[in-house]
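# Tertiary structure, described
Below, each chain spelled out in residue letters.
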Amino acid sequence: KAGVTQTPRYLIKTRGQQVTLSCSPISGHRSVSWYQQTPGQGLQFLFEYFSETQRNKGNFPGRFSGRQFSNSRSEMNVSTLELGDSALYLCASSTRTGAYEQYFGPGTRLTVT
Amino acid sequence: TQLLEQSPQFLSIQEGENLTVYCNSSSVFSSLQWYRQEPGEGPVLLVTVVTGGEVKKLKRLTFQFGDARKDSSLHITAAQPGDTGLYLCAGESTSGTYKYIFGTGTRLKVLA
């Protein structure tokens, strides 16, 4: 089975711009979660989508949003970028059955200048 | 706020040494996962523990879930340079809004 894929892998944006990141989960996985990873804050949960519905949301401002499509692919959008949004953004997919095991993609490295 | 505290934060050891990483919380978890992450990549799932007191072995790695399901440990026997990486515990709490949380991480470096 193909793993979780994320595009793009690297991105450089300017303050005030917006960005859209994409994630394709493992085939058959209906849950997709997004995380932000920074050296100072570690891995922080952004939100989870399951069958096109947002199931859980972390403590991030409304500039961070996401959606999931009928094929389980997900996108994350960040509007009005700030320098502090520079981070590795990780997507993880899961079947959400039994113990909650997640399989991560390689991440998108976002740099805001 | 639910937290998963890991200790130590950093560990640098010689090849062949043993080590233990701890993951502690005041919350009860329905399950705990351990992941290893290498620079520039996403975390890779190593193991899931579900039952209090459970012990799982993965080659030289031994994982234990506390009896009360509030803590876990990872023991590595005869560490090798290939074990180098960031080790993260994570779990789905039985209470709270943000159910799945990651530990603070342990950065391990094994020197040849």
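The structure reproduced in this document is the subject of the present report. (Residues numbered from 1 in each chain as written. Chains lettered and ligands numbered in written order. Predicted model: local features only at pLDDT ≥ 70, side-chain atom pairs only at ≥ 80, totals over all residues. Heavy atoms only, no water.)

A word on the state of the cysteines. All names here are of chain A. Under the definition given, this model contains two disulfides over all chains. Put simply, Cys23 and Cys91 are joined by a disulfide, and their sulfur atoms are 1.7 Å apart. With the S-S dihedral at roughly -45°, the linkage between Cys23 and Cys91 falls on the left-handed side. On the criterion of sequence distance, the pair formed by Cys23 in strand β3 (residues 19-24) and Cys91 in strand β9 (residues 87-94) is long-range, its members being 68 residues apart. (Disulfide = S-S within 2.5 Å. Helix = DSSP H or I, 4+ residues; strand = E, 2+ residues; numbered from the N terminus.)

The next point concerns the pairing of strand β9 (residues 85-93) of chain B. Residues and elements named next belong to chain B. Taken across its nine residues, β9 has nine buried, putting it largely inside the fold. Bridging between β9 and strand β11 (residues 106-111) involves three bridges; their strand directions are antiparallel. Bridge pairing in β11 links Tyr87 to Thr106. Taken together, the three bridges between β9 and strand β10 (residues 100-102) define a ladder with antiparallel strand orientation. By the bridge assignment, Glu92 is partnered in β10 with Tyr100. (Buried < 20%, exposed > 50% of the residue type's maximum accessible area, 1.4 Å probe, protein only. Pairing = 2+ DSSP bridges.)

For the rest of this paragraph, the subject is the interface of chain B and chain A. The interface of chain B with chain A comprises 18 residues on the first partner and 20 residues on the second. Carbon and sulfur atoms make up 55% of the area that chain B and chain A hide from each other, which totals about 1,500 Å². Applying the counting rule to chain B against chain A returns two salt bridges. One can count five residue pairs in polar contact (both at pLDDT 80 or more) joining chain B with chain A. Where the side of chain B that touches chain A is concerned, the elements lending two or more residues are β4 (29-37), β5 (44-49), β9 and β10 of chain B. (Contact = heavy atoms within 4.5 Å. Buried area = accessible area lost by both parts, 1.4 Å probe. Salt bridge = Lys/Arg side-chain N within 4 Å of Asp/Glu carboxyl O. Polar contact = N/O pair within 3.5 Å; in protein donor to acceptor, adjacent residues only side chain to side chain.)

Moving on, we get to the environment of Ser73(B). Residue and element names in this part refer to chain B. Take Ser73: it is sitting in strand β8 (residues 71-76). Separated by 67 residues in sequence, Ser73 and Gln6 place their C-alpha atoms 9.3 Å apart. Not counting residues within four places of it along the chain, the set of residues in contact with Ser73 comprises Thr20, Val21, Tyr22, Trp34, Thr62, Phe63 and Gln64.

The subject of this paragraph is the sheet that holds β3(A). Residue and element names in this part refer to chain A. The strand order β1-β3-β8-β7 describes an open sheet built from four strands, whose pairing is antiparallel. With partners counted over all chains shown, the strands left at the sheet margins are β1 (5-7) and β7 (64-68), one partner each. Across the sheet, the mean angle separating the axes of adjacent strands is 20° when strand polarity is ignored. Here β7 runs beside strand β8 (residues 74-78); their pairing, made up of five bridges, is antiparallel. Bridge assignment links Gln68 to a residue of β8, and that residue is Ser74. (Axes fitted to C-alpha atoms, helices over the stretch in contact; angles between N-to-C directions.)

What follows covers the sheet that holds strand β7 (residues 61-65) of chain B. Residues and elements named next belong to chain B. Across the sheet, five strands lie side by side as β1-β3-β8-β7-β6; this open sheet has antiparallel pairing. Among the strands making up the open sheet, the edge pair consists of β1 (5-7) and β6 (55-58). Along the sheet, successive strands turn relative to each other by an average axial angle of 15°, direction set aside. Looking at chain direction, β1 and strand β3 (residues 19-24) are connected through three bridges and run antiparallel.

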